[in-house]
Amino acid sequence: MDANSLEIGATYYRITYADVSQTMPGIEPLVYAGLNIFDPPSDESAKYYFQDAVSVVRFGLGVRWGQEMQPADETSDLNPDNDEGRVYCVHEAREIGWVIVDLLALPAEIDATIQRAKELGFPKLSKAKGKWV
C-alpha cells in the first residue's frame, strides 16, 4: 500500500506502540479525508489528512480545497460550515503503508508484533523515572 492508493472516505488504521521494542500496539481506525485539505498545495511535501472514525460517525467526513464538505445530518450539533468536533491527524507519504495501513495489512502487522513480543518474553513497560505509584 502507498499514498497513491488512498481513497477518500475509506478506513485505514494507524499503528502506534507503547514501547520502543514495538511489542505493545495501539490500533486506531482513521478515515482518509484528502490531500492538503487545510493548506493550498505547495512545493513542500504533501500532507495526507485523516479524520478519526468517531467524529466521522458523529459529524460526517469533512473535506476542503475543491471538495465539498459533507453536511452533518439534521440531528447533529455540528455546523457543517466549520470543523468543530472533527478530529484530524496528518501524515506524510513515507508513513503510508508503515504507520498507516489498510485492513488487509493489519493481520501481518499484528503477527509481527506477536513474534517480537514472544522473542522478548512479552516485556512489561517500566516507568522512565521514579517508582510506580
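Starting from 1, residues in each chain are numbered consecutively following that chain's sequence as written. The predicted origin of the model limits local features to residues at a pLDDT of at least 70 and limits the giving and counting of side-chain atom pairs to 80 or more, whereas totals for whole chains, interfaces and linings rest on all residues. Each side-chain value is derived from all of the structure's non-hydrogen atoms; neither hydrogens nor water enter the calculation.

(A) Broad picture of the pattern of salt bridges. Note on definitions: salt bridges are taken to be side-chain nitrogens of Lys or Arg within 4 Å of carboxyl oxygens of Asp or Glu. Scanning all chains against the criterion turns up 2 salt bridges. Between Arg14 and Glu28 there is a salt bridge; the shortest N-O distance is 2.5 Å. Of this pair, Arg14 sits in strand β1 (residues 11–17) while Glu28 sits in strand β2 (residues 25–35), and the two are 14 residues apart along the sequence. The class for Arg14 is buried, based on a relative accessible area of 19%. The rule is simple: take the accessible area with a 1.4 Å probe, protein chains only, and divide by the maximum for that residue type; under 20% is buried, over 50% is exposed, in between is partly exposed. When its relative accessible area of 30% is taken as the criterion, Glu28 is described as partly exposed. A salt bridge links Arg94 to Glu92; its shortest N-O distance comes to 3.0 Å. Its relative accessible area of 59% is what places Arg94 among the exposed residues. Runs of H or I in DSSP of at least four residues are treated as helices and runs of E of at least two as strands, each being numbered from the N terminus.

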